[in-house]
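Residue-level structure breakdown
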Amino acid sequence: MSIHATLNTLIAANEAYRQGSASMSDAEYDALEDKLAEMVTQFPNDPWVTQAQAFLNSIGAPPAENSGWVKVQHEVVMTSLNKAQNADDAKAWMRTLGQVDLTMSEKLDGISVQMTYRDGVLVLAATRGDGTTGEDITRNVLRMKGVRPNVKGFTGHIRGEIVLLRSDHAVHFPDYKNPRNAASGIAKRLDGEGCEHLTVFTYKIVRRPEDPPIRRKQDEFTVLQRLGFLVPQAQVVPSIDAAIVIRDSYDRSAIDYDIDGLVFEVDDLAYAADLGELNHRPKGAIAYKFSHMTAETILRDIEWQVGKSGRLTPVAVFDPVMLAGARVERASLSTPDRVTRMRLSKDCRILVSRRNDCIPYVEENLELNGTDDVE
């Protein structure tokens, strides 16, 4: 694939994900993003290098013009995180920091939100958008669980993630194929219907420069809890090796919300700030995503389902496999285009997973001998 073709594939996949209809797995997307970064280095004179580099450095995506929501400028840019694809990446990141304590926390798989308070009153709750421009969804966020409309004496911003608990997904929105897609759609309903079943977990405080500093990331989580907010599980770890051991044995089935990895951060917040940024993302933090449990099986059929909107969705039917304690024999293929790109046919060998130990997904056509399924 050329830089142009790879870039267009990533842009389309990014948009599909943010609309709640992922066209490829996280692993596929990350691998293709890495491939684009490698191509940018290999072919610096390609006419699409500038656009590709801008995409690689971008955060999120601009809000849709016709969404019906008012667009707002963030007073403080909502950055994203650099990623570690494996233990070697995580260790390489740690070597740039020196010997420091880390705070490890859950990376929730939801919709980012920044809540702005003035003199203790929540005056704005905005989506991340492209990091500088988001959408004002305050009226919906005020209906969500875990949100504090008043925080006595506080002026500043609190960042969090809008999620749908698995238990609420099962009871209130069983027609949605997974909690993340449901949260994305419900959070931006213009009528606010269903927002009372969404939950906001918080993970960052942005205060005025004149306020007393919070010195440690672990203390920041403690302050958020004392203010009455919900926070993801977090703990201080003494080394990257200890963090990787915990990550590799993390029991996601024991919690009531989806996470797609763990965040490792320098616990000393002043030192973390001094480290600066890389690709417009903080150097003092990294997201280490989970790998998906996978199994090989045989594709027996592709069925076509018609959704409520009239959209045709292909569904893979394959020999049953056990994944994360569940019997899996069907998985949505999202779009007809994905069937074509993966060159799927009856009786071919495929690799399937349960993303986040929950969502059945066809990861790869094993008949392609390791070639990329997005060519």
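The structure presented is a predicted model; accordingly, all values stated were derived computationally and were not measured. (Residues numbered from 1 in each chain as written. Predicted model: local features only at pLDDT ≥ 70, side-chain atom pairs only at ≥ 80, totals over all residues. Heavy atoms only, no water.)

Turning our eyes to something else, we now look at the pattern of salt bridges. Throughout the structure, instances matching the rule amount to 24 salt bridges. R247 is the salt-bridge partner of D248, the closest N and O atoms lying 2.7 Å from each other. The closest approach of N and O atoms between R327 and E329, which form a salt bridge, is 3.7 Å. Accessibility expressed as a relative area gives 56% for R327, which makes it exposed. Relative accessible area serves as the criterion here: at 33%, E329 is assigned to the partly exposed category. (Salt bridge = Lys/Arg side-chain N within 4 Å of Asp/Glu carboxyl O. Buried < 20%, exposed > 50% of the residue type's maximum accessible area, 1.4 Å probe, protein only.)

Pairing is antiparallel in the open sheet, where four strands are placed in the order β5-β4-β7-β8. If you trace the sheet from one side to the other, it starts and ends with β5 (121-127) and β8 (199-207), each paired once. Direction aside, the axes of adjacent strands within the sheet are offset by 25° on average. For strand β4 (residues 111-118) and β5, the ladder comprises six bridges, and the chain directions are antiparallel. When the sheet's bridge partners are listed, T116 is paired in β5 with L124. Against the sheet, helix α8 (residues 217-226) engages β7 (156-163) and β8, with an angle of about 120° to β8. (Pairing = 2+ DSSP bridges. Helix = DSSP H or I, 4+ residues; strand = E, 2+ residues; numbered from the N terminus. Axes fitted to C-alpha atoms, helices over the stretch in contact; angles between N-to-C directions. Contact = heavy atoms within 4.5 Å.)

What follows covers the packing of aromatic side chains. Here the structure, examined in full by the defined rule, presents six aromatic pairs. Considering the side-chain rings of Y117 and F229, the 6.4 Å spacing of their centres and the 80° angle between planes classify their relative orientation as edge-to-face. Taken together, the residues Y117 in strand β4 and F229 in the loop between α8 and β9 (234-237) connect sequence positions 112 residues apart. Judged by relative accessible area, Y117 falls into the buried class, the value being 0%. A relative accessible area of 4% means that F229 is categorised as buried. Counting every residue linked through ring pairs, the aromatic cluster contains Y117, F154 and F229. The ring centre of F221 lies 5.2 Å from the NZ or CZ of K217, which sits over that ring. The ring of Y288 has R247 lying over it, and the distance from NZ or CZ to the ring centre is 4.0 Å. (Phe/Tyr/Trp six-rings, centres within 6.5 Å; stacked < 30°, edge-to-face > 60°. Lys NZ or Arg CZ within 6 Å of the ring centre and 35° of its normal.)

By secondary structure assignment, the location of P314 is in strand β15 (residues 312-323). Along the backbone, P314 and A331 are 17 residues apart, and their C-alpha atoms lie at a distance of 8.8 Å.

What follows deals with a nonpolar patch on the surface. A contiguous nonpolar surface patch, about 320 Å² in accessible area, is contributed by W304, V306 and L312. Relative to the helices and strands, L312 resides in strand β15. (Patch = residues over 30% accessible without salt bridge, like charges linked within 9 Å, V, L, I, M, F, W, Y side chains within 5 Å. Areas by Shrake-Rupley, 256 points an atom, 1.4 Å probe, with all protein chains shown as cover.)

Below, the discussion takes up the nonpolar core. Of all hydrophobic cores here, the largest spans 30 residues; its most connected members are M115, Y117, V141, M144, I162 and L198. Where this core is concerned, the elements lending two or more residues are β4, β5, β7, α7 (179-187), β8 and α8. Setting aside anything within four residues of it in sequence, one finds L198 in contact with M144, K145, I162, V163, L164, A183, I186 and A187. Counting residues in each nonpolar core, the second largest holds 27 residues, with M94, V100, L102 and I286 among its members. (Core = buried A, V, L, I, M, F, W, Y, C linked by side-chain atoms within 4.5 Å.)

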